[in-house]
Amino acid sequence: MSLNNAMLEKYRNNFLQEVAGNVEQGDWVKMCMQCGVCAGSCPLGDAWEHSPQKIFMMIRANRREQVLSSDSMWMCTSCYHCVVRCPRGLPIPHIMHGLASYAKRLGLAPKSNPTLWFAEVFWNNMLKKGRVNELKLGLSLYFKDGFASGIKQAMAHQKLGINMLKAKRMAPMDMFAGHAIKDIFGLHKMIRKAQEIEAAKLEANSK
Amino acid sequence: MPDYDKKLGAYLCSGCGIGDRLNVSQMETTAKRDGKAAIVKTHEFLCSKAGVEMIRKDIDAGDVNHVIIGACSHRSKVEAFRFDRAAISRANLREGCIWIRPYTDEAQQTTQEMGDDLIRMACAESRYINIPEPSGEQELNKTLLVVGGGMTGMTTALESAKAGYRVELVEKAAALGGWMAQLHKCIPHRMPYANPVATNIDATIAAVNAHANITLHLSASVAKTEGAPGRFKIEIATEYGTSTTVEVGAIVQASGYNMFDPNNVPAMNHAKSADIVTNMELEALAKAAGDGPIKRPSDGREVSSVIFVQNVGQASEAKGHLPYHSGIGDLIAIKQALYFKTQNRGCETTILFNHLRTPGAAGEDFYCSGQNYEVTFRKGIASEVFPGSSLEVQFRDMILDEDTSQTADLVVLDVGMVPNSGPDPYALPLVADKEKGAAPVFEVTLDSILNLEYRQGTDLPHLKHGFTDSHFICFPYETRRSGIYAAGPVRRPMDIHQAMEDATGAAMKAIQALENAGKGRSAHPRSGDLSYPLFRKEGCTRCKRCTVECPFAAIDEDEKGYPQFNESRCRRCGICMGACPVRVISFDNYSVDSIGQQIKNVDMPDEFDEKPRILVLACENDAYPALDMAAQNGIEYSPFARVIPVRCLGSVNTVWITDALNSGYDGIILMGCSKGDDYQCHFVKGSEMAYQRMSQIADTLQILSLDAERVVTYEVAITDIHRAPRLINAMAETIEKIGMSPFKF
Amino acid sequence: MTEVVATNHTILVVGAGISGITAAVEAAETGNNVVLVEKRPYLGGRVSQLYKYFPKLCFPSCGLEINQRRLSAQGGISILTMAEVTAVSGSEGNYSATVKISPRFVNENCTACGACGDVVEAEFDNEHNYGLNKRKGAYLPYNMAKPQRYVIDPRIIGTDDAEKAKAACKYAAIDLDMQEQTIEFKAGAIIWATGWQPYDANKIQPYGYDRYANVITSVEFERMMDKFGPTGGKILRPSDNAEAKDIAFIQCAGSRDRNHLKHCSRICCMATLKQSTYITEQYGVDDADAKGTIYYIDIRSIDRFEDFYRKVQNDPKISFIRSKVANIVQDKDQNPILNGVDTEGYHRYENRHDLVVLAIGMEPSVNKDSFPLEIVINEHGFIEADEANGGIFAAGCASDALDVNRAVQTATAAALRAVQVVNRVAGSEG
């Protein structure tokens, strides 16, 4: 049984409890009083389909599919405007990221979401050497939508690139290998272990 | 009426500019010659210790017993000019004269005339009043009657008993406790506001039972209430046909409420499923379950999901619904949701609310506690509940902006409180409608609670929607029946905690009422007034106006139809005095003569003097202070006005108006408080009554061939500091236009 | 030297707002001896600063007039103004209270003639109007101030102004050498009725009360309506004194908020509904520009106030938006612009108004860190009824966020609790 099905089976009608049990800081969702100050405070508000407060209401109304497949929580830039104003002190960005992460694990996250795509590229990039290879990260962003548009994007940012080279903010040789951190294997081991622990927790939660 | 020789002493102050602006020695002469004051003295600073001492010496020496103070307003320096065993009259030379006139040579003469008139008026008043003394009718009875043995009634009884008073407690049921005894638990009212708390009702009942000062009457009701504060006679009848009579000094009515019938909202289908219950019915289920799982009535299955539908038939103008809100339904729903959650955290509980009404510190914390237990709060308005083995609630989710539905094992309807207040003495049409078969707006019990043997009906008047609340924000215990106080949800929807506070406050008022009745002192707002209505039976025509119009139902009728005054029910407003066409009602310190003679003692210039006279009768609580404050702020008005404060515009007898017109006044202004639904009249109906009576003055004016504009009535608030003088000036202008009264001598 | 006749049969009432006055008159009219202590130079508290009451829209000064008359009519009440209780010792039935009385520099000779006020030049922020205008250094706090006695601001002592004031007084009422005094007296029971204060609006950073002239608080708005208030009864924008016609009301400004006051202040919903009627009162029904917008989370118009809510809902000039406003910015003309989301269906707004009124929260004035005796004060700062409190009873907003009606109810109840104590004392003395 897929993890998603297992969770569905386990929590049946109670998405609020599922969120409380599996999403980072998800336990806070129940405390929302639906004032909407988070929605109004979000600088990216216009870009969201559902505001945080509305997502919290949807969670309580058992709109599981709708919530987990939403791209709204992927919009959060952690500016913390909402947190400082929330009258109930909900750690809203954490919950947003937690929900996004949970959706991804269940395989319900929106496939073509650019934030999700970027997060994956970033993560994979970082994992290789233990630090971000900015050149490769930049290039993969340029070429996200194919070769032609990649060239176009790169040309558009030509001046910036040259300036960064001059200022030694970008190392062209990173194209080939790049610096790794001292104990890259140690890091990989740590991450594997963390992933195991998390997976086991989710697995256990789904029973 | 006290029997003594009146010795008038007039004391004039020349301070505060009075001596600069007015010829005080001329006023001394006026007081002596026109005012007939035996002693006349002037002091440059009358309210000073030396000035007051000068007056006190004359009183102590027996030379003076009626004091006329010619200084500042009746409202100023009250403490300085308070003398026991002396009648006090005030001539308002400062706020009422020099402060409202310009300090110019041209104004000098008219200002002086005003000052002299004020002295004449105060002396006239002094000659026609008496020092009030208790009638001797008063009785001190330190026992209270408490009607209702619920939490409110029991609290009233216990708190009164604790203060050393005796209580007769009457409860309709066979046991104490009321609705409280039917509750599983209560809303917390102490920190932490987290969980439902035990009712502890048994301890309260035990305390009532154990208290030596409390006598219980169970399965009993009040069959008859006669008398007045200090000397109520109560017949208590039991279900078994026995009856006892007790005598009490004051009464607290704590008759509580009934639950609204959810069948008035057919879409809730309360009658169609045993699993659609009211909040009160849920208490019984919770109580039966003890601390175990709550089972549903239809099949005894443990409830695993429950929906609370809030505001059923409340705050709604629809027929058969309650136009108000109980205010505590959301707190009850949270409490009840926690019955389920504390027992089974997995139970799905949803509260469909519109505005979540959980006010105060306790409310907000309790709301958080509900959320903490994962109670789901949805801003949703339910339209229908469908019965079935799984109940379905259809509603509009206001946040998600859609019509939707949800299913549950049990649905709890938040129904409101309907006051158990007895029939409203002034709402007879409702009874008539019922007899005609028309459905009343909602069912109010028509069984009397108090069975008052009062001329004006058997029970406390309702304020709104059947509740017997006070009309006054500042005075929440005013009931329009002296010495009878309502407490708890019969007067306003409230929770237990508030009801217990209310009960304690009502006990205080009842104790105060019986103590003051024992001394012959009036209750609020003329607290402490020792006068009482005096009645000259010989002149009475038995027209019944006084008995009908008394806002406090203080006056009954004897078997021959003569008014029967009950002085401790009386608030000394004088509305009966204003009502009496033959002028047989008066008070020692306020009478048709005490005002009428002030009107007559104003010096009336002749027609060719071009000095009109405008009589202003101003409510002493609002219009008069407004004029005082105008003076304080240097706002001027016509020197032709002669202002007399009255207790209430309702005390104005039309004879004052006709006499004034006949003696040559050119205009008359009545200033009272606002009337209507949101009336501000402290004596309820006084202002309205005055309007009614003045509308009849039009005929008199016609007979006298006088213009209708010469007599006007205004609603004037205490804040009308600019407007009140404007109204006077407008009358002066009117007179200029229409000319002087032809009735000058 | 101020002297007070008090015994352990005396009831001490601390605070002479509507609750303290009520407790004092109810106890005194039942035959008890009362000492009423007030920090301000005059009685009436916050009620004296209100324009109207909900739901009747009547004037608080009307009831205050009656209550002040009741206070004067009673021989059994001693009133101390500019006085604060600094220490209490003893126990139920036998307390000893220490009261510090600040100098008024004006004695009881004062006739409130106003001569001193005329000659003094120095001006200070007018506390009665929350600093919206100035008053003289010798002043009568407001028209109905009881006692009707002027006050000399201590800041003019030692200046020419003080000497001028003294010279102008014909009644030897000004005593510039008056000193602070401390008196001690007995009491059997104590009623604590110290009321509330508006929450500090400067702390609500997103609403810019500290930065934007045209963002004011509800208590200030109330003062504007008073014809003797800072704007002469007109609703004016502080930035340019232009008439404010399009007015926004923001609910829960400082209440129901963990960043500010956690509790719901109970009164603000009704207060705003009341204040929304001021718009029509001021501009009439026909002025199309005059309108109000109420931003709210829940409208808590409890029980029979529901009628009033419905009346306002039916007023075409007033609209409701279910939203906690996120923040306020202002445009070049200093018009406040409100940003937020209407949560009923998720609609963003960016609304320009002439004036914003913050329905400011109610903070108890009980000093929980330095209460003179051991007493139970909850985390919100309210005094809780508890047997451990002995003969000290809270009344009004010292006990909870309450409207006037309920404050008076609790004050009447507190009066009985105090009477129980002194009656017990009297009983035990035989």
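Residues numbered from 1 in each chain as written. Chains lettered and ligands numbered in written order. Predicted model: local features only at pLDDT ≥ 70, side-chain atom pairs only at ≥ 80, totals over all residues. Heavy atoms only, no water.

**A few points about the overall build of chain B**
We apply this condition: Think of it this way: any DSSP run of H or I at least four residues long counts as a helix, any run of E at least two long counts as a strand, and we number them from the N terminus. Exposure is judged per residue with a 1.4 Å probe applied to protein chains only, and the accessible area is read against the type maximum: over 50% gives exposed, under 20% gives buried, and values in between give partly exposed. The contact definition used throughout considers only heavy atoms, calling two residues in contact when any of these lie within 4.5 Å. Counted as positive: Lys and Arg. Counted as negative: Asp and Glu, with His and the chain ends omitted from the count. To locate a charge, the coordinates of NZ of Lys, CZ of Arg, CG of Asp or CD of Glu are taken.
When helices and strands are counted, chain B shows 18 helices and 29 strands. Considering only C-alpha atoms, chain B reaches an extent of 95 × 60 × 55 Å along its principal axes. Looking at chain B as a whole, 63% of its 745 residues are labelled buried. In chain B, the proportion of contacts linking residues at least 24 apart, taken out of those at least 6 apart, comes to 70%. Between the mean site of the 76 positive side-chain charges and the mean site of the 95 negative ones, chain B shows a separation of 3 Å.

**Quick look at helix 2 (residues 15-22) of chain A**
For the record, the criterion: The arc in question is traced by the directions running from the helix axis to the C-beta atoms.
Listing the buried residues of helix 2 of chain A in full gives A:Phe15, A:Leu16, A:Glu18, A:Val19 and A:Asn22. Taken down its axis, helix 2 of chain A places every buried residue within 165 degrees of arc, on the same side.

**Some points on the interface of chain A and chain B**
Selection rule: Here's the idea: put two parts together, see how much 1.4 Å probe accessible area each one loses, and the total over both is what we call buried area. In what follows, salt bridge is the name for a side-chain nitrogen of Lys or Arg lying within 4 Å of a carboxyl oxygen of Asp or Glu. Each polar contact in these results corresponds to two N or O atoms within 3.5 Å; when the atoms are within protein, one needs to be able to donate a hydrogen and the other to accept it, and residues that are neighboring in sequence are counted only if both atoms are side-chain atoms.
Taken together, the contacts link 19 residues of chain A with 17 residues of chain B. Of the roughly 1500 Å² buried at the junction of chain A and chain B (both faces included), carbon and sulfur atoms supply 48%. With its nearest N and O atoms 2.2 Å apart, the salt bridge here joins A:Arg63 to B:Glu402. The interface formed by chain A and chain B contains 9 residue pairs in polar contact (both at pLDDT 80 or more). For the side of chain A that touches chain B, the elements supplying multiple residues, two or more each, are helix 2 and helix 4 (52-60) of chain A. For the side of chain A that touches chain B, the leading source of residues is helix 4 of chain A, giving 5 residues.

**Some details on the pairing of strand 9 (residues 232-238) of chain B**
All names here are of chain B. To keep it simple, the criterion reads: Here the rule is simple: two strands pair whenever DSSP picks up at least two bridges between them.
Of the pairings in the sheet, the one linking strand 8 (residues 220-226) to strand 9 comprises 6 bridges and is antiparallel in character. Within the sheet, the bridge partner assigned to Thr225 lies in strand 9 and is Ile234. What sits between the antiparallel neighbours strand 8 and strand 9 is a turn of 5 residues, in which Gly227 has the positive phi angle 105 degrees. Between the end of strand 9 and the start of strand 10 (residues 243-248), which pair antiparallel, lie 4 residues, with Gly241 showing a positive phi angle near 90 degrees.

**Observations regarding unusual backbone geometry**
Following C:Phe54, the chain continues into C:Pro55 via a peptide bond in cis, with omega recorded as -5 degrees. Secondary-structure assignment places C:Pro55 in the loop between strand 2 (34-37) and helix 2 (60-73). The omega torsion of the bond from C:Lys146 to C:Pro147 falls at 0 degrees, within 30 degrees of zero and hence cis. With respect to the element layout, C:Pro147 can be found in the loop between strand 8 (138-139) and strand 9 (151-152). In this model, B:Arg85 sits at a positive phi of 55 degrees, which is unusual for a non-glycine residue. Note that B:Arg85 resides in the loop between strand 3 (66-71) and strand 4 (87-92). With a phi close to 50 degrees, C:Cys252 is a non-glycine residue in the positive phi region. Considering the arrangement of structural elements, one finds C:Cys252 in strand 14 (residues 246-253).

**Concerning the environment of B:Pro605**
Residue and element names in this part refer to chain B. Along the chain, Pro605 falls in the loop between helix 14 (592-600) and strand 26 (614-619). Accessibility expressed as a relative area gives 9% for Pro605, which makes it buried. Between the C-alpha atom of Pro605 and that of Ala207, which follows or precedes it by 398 residues, the distance is 74 Å. Contact partners of Pro605, with chain neighbours within four places excluded, come to Lys611, Arg613 and Lys744.

**Some thoughts on the sheet that holds strand 8 of chain B**
Within a sheet, adjacent strands bond to each other through the backbone by hydrogen bonds, running parallel or antiparallel. All names here are of chain B. Selection criterion: Only the contacting stretch of a helix is used when fitting its axis, a line to C-alpha atoms as for every element, and angles between N-to-C directions run 0 to 180 degrees.
With respect to topology, 3 strands assemble into an open sheet ordered 8-9-10, the strand pairing being antiparallel. The open sheet is flanked by strand 8 and strand 10, the only strands paired with a single partner. On average, adjacent strands in this sheet sit at an angle of 25 degrees to one another, irrespective of strand direction. Where strand 9 meets strand 10, 6 bridges bridge the pair, whose relative direction is antiparallel. Bridged to Ile234 within strand 10 is Val246.

**Description of the sheet that holds strand 20 (residues 355-360) of chain C**
Residue and element names in this part refer to chain C. The 5 strands are arranged 13-20-14-15-16 in an open sheet whose pairing can be described as parallel. This sheet does not close on itself; its edge strands, each paired only once, are strand 13 (215-217) and strand 16 (318-322). Across the sheet, the mean angle separating the axes of adjacent strands is 25 degrees when strand polarity is ignored. Pairing of strand 15 (residues 291-296) with strand 16, which is carried by 5 bridges, proceeds in the parallel orientation. Bridge pairing in strand 16 places Tyr295 opposite Ile321. Against the sheet, helix 5 (residues 218-225) engages strand 13, strand 14 and strand 20, with an angle of about 85 degrees to strand 13. Those strands touched by helix 6 (residues 268-283) are strand 14, strand 15, strand 16 and strand 20, and its axis lies near 175 degrees from that of strand 14.

**Remarks on the pattern of salt bridges**
Should their charged atoms come close, side chains of opposite charge can pair. Residues and elements named next belong to chain C. In total, this model carries 85 salt bridges over all chains according to the counting rule given. Among the salt bridges present, the one from Glu26 reaches Arg70, with a minimum N-O distance of 3.3 Å. Here the residue Glu26 occupies a position in helix 1 (residues 18-28), and Arg70 occupies one in helix 2, the gap between them amounting to 44 residues. Given a relative accessible area of 5%, Glu26 falls into the buried group. For Arg70, a relative accessible area of 3% corresponds to the buried category.

**Looking at the domain arrangement of chain B**
Put simply, the rule is: Bear in mind that the domain bounds are from an automatic or database domain assignment.
Per the domain assignment, the segments of chain B are domain 1 (1-131), domain 2 (143-256 + 420-519) and domain 3 (263-416). Taking only C-alpha atoms, the centre of domain 1 of chain B and the centre of domain 2 of chain B are 49 Å apart.

**Observations concerning the interface of chain B and chain C**
Across the boundary between the two partners, chain B contributes 95 residues, which contact 85 residues of chain C. Between chain B and chain C, the buried area comes to about 7700 Å², and carbon and sulfur atoms account for 51% of it. Broken down residue by residue, the surface that chain B buries against chain C is led by B:Ile473, B:Arg492 and B:Met508, which jointly contribute 10%. Seen at the junction of chain B and chain C, the total is 18 salt bridges.

**Some points on the domain arrangement of chain A**
Accessible area lost during the coming together of the parts is what is often quoted as the interface size. When cut into domains, chain A gives domain 1 (3-109) and domain 2 (114-194). A straight line from the C-alpha centre of domain 1 of chain A to that of domain 2 of chain A covers 30 Å.

**As for the confidence of the model for chain B**
All names here are of chain B. Test applied: Every residue is assigned a pLDDT by the predictor, reflecting its confidence on a scale from 0 to 100.
Averaged over chain B, the pLDDT score is 94; the fraction of residues at 70 or greater is 97%. Contacts of residues 430-434 to residues separated by more than four positions or lying in other chains number 5 contacts, the stretch itself having pLDDT below 50. When the criterion is pLDDT under 50, residues 438-444 qualifies, and its contacts beyond four places in sequence or with other chains add up to 16 contacts.

**Section: the packing of aromatic side chains**
Residues and elements named next belong to chain B. Our working definition: Only Phe, Tyr and Trp rings are paired, with Trp represented by its six-membered ring, and only when their centres lie within 6.5 Å; those with planes under 30 degrees apart are stacked, over 60 edge-to-face, the remainder tilted.
This model, assessed by the stated rule, comprises 20 aromatic pairs over all chains. Ring centres 5.5 Å apart and planes at 25 degrees place the aromatic pair Trp179 and Tyr257 in the stacked group. Separated by 78 residues along the polypeptide, Trp179 in the loop between strand 6 (166-170) and helix 6 (201-210) and Tyr257 in strand 12 (residues 257-259) bring together distant segments of the chain. Its relative accessible area of 24% is what places Trp179 among the partly exposed residues.

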